Structure formats: structure tokens, C-alpha cells
Amino acid sequence: GNTVNARIKYPVKVRADQAYFWDDHLFMAHRRRGLHSFSIARRLEMVAHEGATEALTIISRPNLASQRSYAQFGTVPRRVLIYLPAMGRTLAAPPAVASRIL
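Residues numbered from 1 in each chain as written. Predicted model: local features only at pLDDT ≥ 70, side-chain atom pairs only at ≥ 80, totals over all residues. Heavy atoms only, no water.

In this section: the overall build of the protein. In terms of regular secondary structure, the protein is built from three helices and six strands. Listing the helices and strands of the protein from first to last along the sequence gives β-β-β-α-β-α-β-β-α. Pairs at least 24 apart in sequence give 50% of the contacts found in the protein among residues at least 6 apart. Each charge class in the protein was averaged separately, 15 positive and 6 negative side chains, and the resulting centres sit 12 Å apart. (Helix = DSSP H or I, 4+ residues; strand = E, 2+ residues; numbered from the N terminus. Contact = heavy atoms within 4.5 Å. Lys, Arg positive; Asp, Glu negative; His and termini not counted. Charge placed at Lys NZ, Arg CZ, Asp CG, Glu CD.)

Below, the structure written as C-alpha cells:
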């Protein structure tokens, strides 16, 4: 269901046919073995059995490893989130608009 990304104070709207993946983390000693990709694949299988046809996630710009892992499953950037800590807000923009701003 709907939730909030507490770190960036961003409301995440999750439809009934979607699943939201969050807090992916592999400890350093276990990285570079394909475990993250396996985890994504397994979770996709699990939520598909529950009726989800789409998964959502939020990946920080510097987290290239997660971007690569999710890209294997056909991720498509839908929004770029711009966190403004001084205002305690996050703005969302389509990738094309955000690339002109940033």
C-alpha cells in the first residue's frame, strides 16, 4: 500500500497491481556475487503470485550498483526526486525535465 520514504519525506503511492521494494542492502562481505539480482528476482516472483504486475523502487543517484542490478529487470526511470533538506521536502519531476534543471 501507500507509504512514505522517511529519509526524503516522499509519499510513495502504490497501486493494487504494484509492489514497492525498499531498503535493499547487502553487507560488504556479500557483495559482487549476484545476491542483489537474485533478491530482486525472487521478490518479483513473490509479488507476482500476489497479483503485482509492476514493482517500484527509489534508488539514490550515486548508487550505481543498485541501478545496474535493477536495470537487468527492465527498470524505467519514471521520476527524478530532488530532496531539499532545508525545506524538508522532495520534489518529483519527469526525467527529461529534471535533466534540464540539474
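This part takes up the pairing of strand E5 (residues 80-84). Judged from the five bridges that link them, E5 and strand E6 (residues 89-93) form a sheet pairing that is antiparallel. Residue pairing across strands places Leu-84 opposite Arg-89, the latter belonging to E6. Here E5 hands over to E6 after four residues, with Gly-88 in that stretch at a positive phi of 65°. (Pairing = 2+ DSSP bridges.)

So, on to the packing of aromatic side chains. Counted according to the given criterion, the structure contains zero aromatic pairs. Directly above the aromatic system of Phe-21 lies the positively charged group of Arg-43, at a separation of 4.5 Å from the ring centroid. (Phe/Tyr/Trp six-rings, centres within 6.5 Å; stacked < 30°, edge-to-face > 60°. Lys NZ or Arg CZ within 6 Å of the ring centre and 35° of its normal.)

Once that is clear, we can look at unusual backbone geometry. Not every positive phi belongs to a glycine, and Lys-9 is a case in point at roughly 55°. Residue placement: Lys-9 occurs in the loop between strand E1 (3-5) and strand E2 (10-12). In this structure Lys-9 comes out as partly exposed when scored by relative accessible area, which is 45%. (Buried < 20%, exposed > 50% of the residue type's maximum accessible area, 1.4 Å probe, protein only.)

A few words on the nonpolar core. A general trend in soluble globular proteins is that nonpolar side chains are found buried together. Ala-19, Phe-21, Ile-40, Val-47, Ala-52 and Tyr-70 together form the largest nonpolar core, which totals six residues. Among all residues touching Ala-19, those that are not within four sequence positions of it are Val-14, Val-47, Ala-52, Glu-54, Ala-55 and Leu-56. If you look at the next biggest cluster of nonpolar residues, it comprises five residues, including Ile-8, Tyr-10, Val-12 and Val-14. (Core = buried A, V, L, I, M, F, W, Y, C linked by side-chain atoms within 4.5 Å.)

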